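Tertiary structure, described
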Amino acid sequence: MEKRNRYRNGVRPITICRLAVAGLLLLATGAGFVLVRNEHVIRGYQIRSLEDEVFELDQEIEMWELRIAGVKGRKELSRRLRWVQSDLSEIEMSRVIEIEAPEEGSDVVVNLD
């Protein structure tokens, strides 16, 4: 005995289209989320690398400031010049001329006796 109209409520083409559209929307939403998240991660890596570079530059600047502060004194500067075998010679204090700042409206006069 064979049952004839066993599948009376079959799947209609409109139902298949609705399921396909819903699946495509879900797929598009998922793909969009993945793309946005990947872009966010990539930019995070870029920001991190720039922050590391800024930190390294800050350290380098601080090192140079310490080196400059170390050679501001006359003794340290002369020691450093001797160490690098500079062609510069030491300044004799007897040959140093001190010039005082003139008062407003007067001319500068230097005696080289």
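Here is a short report on the structure shown in this document. (Residues numbered from 1 in each chain as written. Predicted model: local features only at pLDDT ≥ 70, side-chain atom pairs only at ≥ 80, totals over all residues. Heavy atoms only, no water.)

A tally of regular secondary structure across the protein chain gives two helices and zero strands. The buried share among the 113 residues of the protein chain stands at 1%. (Helix = DSSP H or I, 4+ residues; strand = E, 2+ residues; numbered from the N terminus. Buried < 20%, exposed > 50% of the residue type's maximum accessible area, 1.4 Å probe, protein only.)

Moving on, we get to the packing of aromatic side chains. In total, this model carries zero aromatic pairs according to the counting rule given. The ring of Trp64 has Arg67 sitting right over it, with the charged end atom 4.8 Å from the ring centre. (Phe/Tyr/Trp six-rings, centres within 6.5 Å; stacked < 30°, edge-to-face > 60°. Lys NZ or Arg CZ within 6 Å of the ring centre and 35° of its normal.)

Leaving glycine out, the prevailing phi sign among residues is negative, and the prevailing peptide bond configuration is trans. Despite not being glycine, Gln85 shows a phi value in the positive range, around 55°. Along the chain, Gln85 turns up in the segment after helix H2 (74-83).

On to a nonpolar patch on the surface, then. The grouping of Met63, Trp64 and Ile68 at the surface amounts to a nonpolar patch, some 300 Å² of accessible area in total. By the element assignment, Trp64 lies in helix H1 (residues 13-70). On the basis of relative accessibility, which here comes to 43%, the residue Trp64 falls in the partly exposed class. (Patch = residues over 30% accessible without salt bridge, like charges linked within 9 Å, V, L, I, M, F, W, Y side chains within 5 Å. Areas by Shrake-Rupley, 256 points an atom, 1.4 Å probe, with all protein chains shown as cover. Salt bridge = Lys/Arg side-chain N within 4 Å of Asp/Glu carboxyl O.)

All right, on to the pattern of salt bridges then. For the coordinates displayed, the defined rule picks out two salt bridges. With a closest N to O distance of 3.2 Å, Arg43 and Glu39 form a salt bridge. Separated by four residues within a single helix, Arg43 and Glu39 lie in helix H1, roughly one turn from each other. What makes Glu39 partly exposed here is its relative accessible area of 39%.

Function cannot be inferred from these measures alone, as they are strictly geometric.
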